[in-house]
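The residues making up each chain are set out below.
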Amino acid sequence: MKRVLTTLLAMALGACAATSAHAQAEYPAKPVRVLVGYAPGGAADLHARLIAEGLQKQLGQPFIVENRQGAAGVLAAQALKAQPADGYTLMVATSGAMAIPQNFQTLPYDPLTDFIPVAQAIANDLVMIVNNRSPAHNADEFIKLVKSENGHYSYGVSGHGSITHIAGERLKRELGIDMQVIPYRGDSMAFADTMGGSVPASLVAMPSVAQAVKAGQVRALFVTGSKRLAPFPDLPTLVELGHPDFVMSSWIALFAPAGTPAPVVKKLSDAVGRIMADPELVKSLESTGARVEYRDQASFEKFFRQDVDNFARIIRDAKITAK
């Protein structure tokens, strides 16, 4: 009897394993929710919808974007943590939501253990813009101008503790300049005040101001990526200007709850790779000032952990604290 029960149990477990493997092979078998921690219409939301549309075409099921804006992406991440780890609820998130907030607040989740970084899709470089009436027409003139203000020069960023704020503090140390930071509630507000002259400069994500730069509404001085952006061939990087270690970009990536089956994660990661290899999509993204920067699951997980450590070090060295 014992042998019979053991055999039956083994058969049952084998059947369960086969069913699970079949279900994962057939993934997705129903619509998938894609959480986004930002309001509709912003760069993160638009990029999330682009990724969701691509996944739908690649995998044959609806990928439905659901905006859970609030607390700079924290609410969406908290909601994702509470979902089953079955691949049917995902999140498109930014470095500003996943690699930075834990340095300033106690989060209801651990970014490194509660989620699986599925794939990176997009990178958004930062750009220093100035009002068109500014005497600074390039990086050298900007540095001289800021130094002449003896610590009274101000610049806008997209919020206290944002990636633009952290990049700005690092920039001050790198360039040997002193500026007063003015936190705004987003890139668009910082840009508006720079264009209007209320604040002389702002450090913002390029996609937020690309069209305004093209239209000549503000003047762009340099970007923080590793190479020049295709739509702005005359705009130098800080690397070119003698700062080889200064490369900072905000990334857009896909996350799943921890415990999501590896075959499901691989299927999603590979699908994102195919989406980001589309020449038309690459061209479309570049026209907005963004760029494709795909990393598969393994490489993005390694990069993500390094990014978390890098931000922590920059925040500590610059003595940036919570408000």
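These numbers were taken from a predicted model, which means no experiment stands behind them.

Student: So what's going on with the packing of aromatic side chains? Which residues, and what values?
Tutor: Within the structure shown, the criterion is met by 10 aromatic pairs. Ring centres 5.1 Å apart and planes at 65° place the aromatic pair Tyr27 and Tyr88 in the edge-to-face group. One end of the pair, Tyr27, is in the loop between helix 1 (2–25) and strand 1 (32–36); the other, Tyr88, is in the loop between helix 3 (74–81) and strand 3 (89–94), and 61 residues separate them in sequence. Among the residues examined, Tyr27 registers a relative accessible area of 3% and is labelled buried. Arranged with centres 6.1 Å apart and planes meeting at 35°, the rings of Trp251 and Phe255 form a pair that is tilted. Accessibility assignment for this pair places Trp251 and Phe255 in one class, buried.

Student: Could you give an account of the side chain of Asp45, naming the residues involved and the relevant values?
Tutor: By secondary structure assignment, the location of Asp45 is in helix 2 (residues 43–59). Here Asp45 falls in the buried class, since its relative accessible area comes to 2%. Within the structure, the side chain of Asp45 is placed 2.9 Å from the side chain of Asn67, a separation counted as a polar contact. Excluding residues within four positions of it along the chain, Asp45 makes contact with Val36, Ala39, Pro40, Val65 and Asn67.

Student: Talk me through the side chain of Ser154; I want residue IDs and the actual numbers.
Tutor: Relative to the elements of secondary structure, Ser154 occurs in strand 5 (residues 154–157). Judged by relative accessible area, Ser154 falls into the buried class, the value being 16%. Beyond its immediate sequence surroundings of up to four residues, Ser154 is in contact with Gln180, Ile182, Val199, Pro200 and Ala201.

Student: Give me the pairing of strand 1: which residues, what numbers.
Tutor: In terms of burial, strand 1 is largely enclosed, as 4 of its 5 residues are buried. Across 5 bridges, the pairing between strand 1 and strand 2 (residues 63–67) is parallel. Following the sheet pairing, Val32 is matched in strand 2 by Phe63. For the handedness criterion, the β-α-β arrangement of strand 1, helix 2 and strand 2 is classed as right-handed. Pairing of strand 1 with strand 3 involves 4 bridges; the strand directions are parallel. In the strand pairing of strand 3, Leu35 is matched with Met91.

Student: Account for the environment of Pro257, with residues named and values stated.
Tutor: With respect to the element layout, Pro257 can be found in strand 9 (residues 249–257). Separated by 168 residues in sequence, Pro257 and Thr89 have C-alpha atoms that sit 8.0 Å apart. What Pro257 contacts, discounting residues up to four positions off in sequence, is Leu80, Gln83, Pro84, Ala85, Thr89, Asp114, Phe115 and Ile116.

Student: Now, about the packing of helix 6 (residues 163–175) against helix 11 (residues 297–318): what can you tell me, with residues and values included?
Tutor: Across the interface, helix 6 lies against helix 11 with an axial gap of 10 Å and an inter-helix angle of 55°. When the axes of helix 6 and helix 11 are compared, the pair comes out oblique. Here the hand of the crossing between helix 6 and helix 11 comes out left-handed. Contact with helix 6, carried on its side by Ile163, Ile166, Glu169, Arg170 and Arg173, involves Phe311, Ile314, Ile315, Asp317 and Ala318 of helix 11 and no other residues of that element. Residue composition of the contact of helix 6 with helix 11, grouped by class: 6 nonpolar, no polar and 4 charged.

Rules and cut-offs
- Residues numbered from 1 in each chain as written.
- Predicted model: local features only at pLDDT ≥ 70, side-chain atom pairs only at ≥ 80, totals over all residues.
- Heavy atoms only, no water.
- Phe/Tyr/Trp six-rings, centres within 6.5 Å; stacked < 30°, edge-to-face > 60°.
- Helix = DSSP H or I, 4+ residues; strand = E, 2+ residues; numbered from the N terminus.
- Buried < 20%, exposed > 50% of the residue type's maximum accessible area, 1.4 Å probe, protein only.
- Polar contact = N/O pair within 3.5 Å; in protein donor to acceptor, adjacent residues only side chain to side chain.
- Contact = heavy atoms within 4.5 Å.
- Pairing = 2+ DSSP bridges.
- Right-handed = clockwise from strand over helix to strand, strands pointing away.
- Axes fitted to C-alpha atoms, helices over the stretch in contact; angles between N-to-C directions.
- Parallel < 35°, antiparallel > 145°, perpendicular 65-115°, else oblique.
- Left-handed = near helix turned anticlockwise from the far one by under 90°.
- Nonpolar A, V, L, I, M, F, W, Y, C, P; charged D, E, K, R; others polar.

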